[in-house]
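# Results of the structural survey
Residue strings, one per chain:
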Amino acid sequence: MLKYCSVMIMPAVFVLIISYGYANRVDVFNAFLDGAKSGLKTLFGILPALVGLMAAISMFRASGALQFLTGLLSPFTNHVGIPSEIMPLALLRPVSGSGSLALVNDLFKTAGPDSLAGRIASVIMGSTETTFYTLAVYYGSVNIRRTRHTLPAALLADLTGILAGTLICLLFYH
Amino acid sequence: MMGYIWGGMIITAFFFSFLTGNIETVAQSALTGAENAVEMAMGLLGMMCFWSGLLEIAKRAGLTEKLAKCIRPLTKLLFPKLNPDSPAVTAMVMNMTANFLGLSNAATPLGLAAMTELDKINSKKHIASDEMCMFVVINTASITLIPTTVITLRAAAGSADPFGIIVPVWICSILALTVGVITAKILSKGKGRRL
């Protein structure tokens, strides 16, 4: 049921958007082409960051440092039930969007996208944001120096997303 | 901050490889890592273009404005002190809608416009108002209709069930958002006046 719903959503949204476009007399194909062009630009924009980060992450993993780090964290993760491979992602997610994307891709390569860790990583990646970056951009733009309770509330939300993601995947796929 | 993490990873890897004695694999992995990044970007390219194209249709058809109307009642709950027709609220609603549709390129300028409006009505400069805190917390939680990047990445990595994560992602982001909003509400009541 969960699987069926999830598969249905994407094509249904496609049809909905296109029909809505027709109903409002939008030149749908031209709009599509313009949008696709901007998607192309976005992706090439993040490519340099991805190259730098993927290289650093695979070096970090090949050297055994990543294993050492997850080993250090494993007493804590075992206690909560989070697979230890997830911890680096949980730590990096609020700091860097392209960095965590690179970590998720690395995890897909090593553990597989349908493994428990791969699924948890997917859910975390989809349900959280790059908190520190958002704070810096939004508050920086209006020169706010004291952000008061923004960071604690945002990080608590991130933690909720990470724990809930782990729990749901454990429930459904374990 | 990312500068330190990035450099730190490479430097740590270098010294760690002496301990574990696999300097050669580490050297090799720099090359494969960079190669994987390009491979990953190529895997994302098709879907990224396709989805951005569809979103452009939605934008031109006025879907953003339509959805914005639907979430307006929520703003009274989130920002009780603001007039729902004020430019600040309008900009915030448009930003949230764009985020929901996954229009991140459009969401950021709208969000910054909302921050400028909020700053105009902020009585203490350089200190975030309750509304700003709430708005930024909402922006750091990601409520997205379809998490396309993750789905595409999963498909490119050979997943048998790339879409299977959509519903779990919805549940988790709603939970995260709820916790964020409630925390922001509680904390703003606690010390809002003193700070």
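Bear in mind that the values here come from a model prediction, so they are computed numbers and not experimental data.

## Some details on the side chain of Thr-131 of chain A
Topologically, Thr-131 of chain A is positioned in helix α7 (residues 131-141). Overall, the relative accessible area of 0% leaves Thr-131 of chain A in the buried class. For Thr-131 of chain A, the side chain forms a polar contact with the side chain of Asp-158 of chain A, separated by 2.5 Å. In this view, Thr-131 of chain A contacts Pro-94, Leu-151, Ala-154, Leu-155 and Asp-158 of chain A together with Thr-140 of chain B; residues no more than four positions away in its chain are not counted.

## Brief notes about the environment of Ala-13 of chain B
Looking at where Ala-13 of chain B falls in the secondary structure, it is placed in helix α1 (residues 2-20). Residues Ala-13 of chain B and Ala-27 of chain B lie 14 residues apart in sequence; the distance between their C-alpha atoms is 9.7 Å. Ala-13 of chain B has contacts with Met-59, Phe-60 and Ser-63 of chain A together with Val-26 of chain B, leaving out every residue within four places of it along the chain.

## Digging into the domain arrangement of chain B
Interface size is commonly expressed as the accessible surface area that is lost when the partners come together. Residues and elements named next belong to chain B. For chain B, the domain assignment lists domain 1 (1-51) and domain 2 (62-191). Residue-level contacts link five residues of domain 1 with seven residues of domain 2. For the pairing of domain 1 and domain 2, the buried interface totals around 600 Å² over both sides, and the portion due to carbon and sulfur atoms is 79%. The largest per-residue losses of area from domain 1 upon contact with domain 2 belong to Leu-44, Met-47 and Trp-51, which jointly make up 75% of the total buried on that side.

## As for unusual backbone geometry
All names here are of chain A. Unusually for a residue other than glycine, Arg-25 sits at a positive phi of about 55 degrees. Locating Arg-25 in the fold gives a position in the loop between α1 (2-23) and α2 (28-62). A residue is classified by how much of its surface remains accessible, and Arg-25, at 78% relative accessible area, is exposed. With a phi angle near 50 degrees, Arg-148 is a residue other than glycine that sits in the positive phi range.

## Structural notes on the interface of chain B and chain A
Every contact between the two is made by 102 residues of chain B and, on the other side, 93 residues of chain A. When chain B packs against chain A, close to 8,400 Å² is buried across both sides, 77% of that on carbon and sulfur atoms. Applying the counting rule to chain B against chain A returns five salt bridges. Across the salt bridge formed by Arg-119 of chain A and Asp-161 of chain B, the nearest N and O atoms sit 3.4 Å from each other. At the junction of chain B and chain A, the tally comes to 23 residue pairs in polar contact (both at pLDDT 80 or more). Here the side of chain B that touches chain A gets 27 residues from one element, more than from any other, and that element is helix α2 (residues 23-60) of chain B. A breakdown of the residues in the side of chain B that touches chain A according to their chemical character gives 62 nonpolar, 31 polar and nine charged.

## Focus: helix α5 (residues 97-111) of chain A
With 15 residues, α5 of chain A extends 21 Å from end C-alpha to end C-alpha; this agrees with the ideal 21 Å at 1.5 Å per step. Buried residues of α5 of chain A: Gly-99, Ser-100, Leu-101, Ala-102, Leu-103, Val-104, Asn-105, Asp-106, Leu-107 and Phe-108 of chain A, and no others. Summarising the contacts, the buried residues of α5 of chain A are in contact with α2, α4 (87-92) and α6 (116-127) of chain A together with α2 and α7 (148-156) of chain B. Where α5 of chain A begins, one side-chain oxygen reaches toward the backbone nitrogen of Gly-99 of chain A, 2.8 Å away; that side chain belongs to Ser-96 of chain A. Gly-112 of chain A, located one to two residues past α5 of chain A, shows a positive phi value of around 95 degrees.

## Observations regarding the pattern of salt bridges
Applying the stated criterion across every chain, the model contains twelve salt bridges over all chains. Where Glu-39 of chain B meets Lys-109 of chain A, a salt bridge forms, and the shortest distance between an N and an O atom there is 3.2 Å. Remark: Lys-109 of chain A occurs in helix α5 and Glu-39 of chain B occurs in helix α2; the pair is interchain, linking two chains. With relative accessibility at 46%, the residue Glu-39 of chain B sits in the partly exposed group.

Criteria and cut-off values
- Residues numbered from 1 in each chain as written.
- Chains lettered and ligands numbered in written order.
- Predicted model: local features only at pLDDT ≥ 70, side-chain atom pairs only at ≥ 80, totals over all residues.
- Heavy atoms only, no water.
- Helix = DSSP H or I, 4+ residues; strand = E, 2+ residues; numbered from the N terminus.
- Buried < 20%, exposed > 50% of the residue type's maximum accessible area, 1.4 Å probe, protein only.
- Polar contact = N/O pair within 3.5 Å; in protein donor to acceptor, adjacent residues only side chain to side chain.
- Contact = heavy atoms within 4.5 Å.
- Domains from an automatic or database assignment.
- Buried area = accessible area lost by both parts, 1.4 Å probe.
- Salt bridge = Lys/Arg side-chain N within 4 Å of Asp/Glu carboxyl O.
- Nonpolar A, V, L, I, M, F, W, Y, C, P; charged D, E, K, R; others polar.
- Expected span 1.5 Å × (residues − 1).

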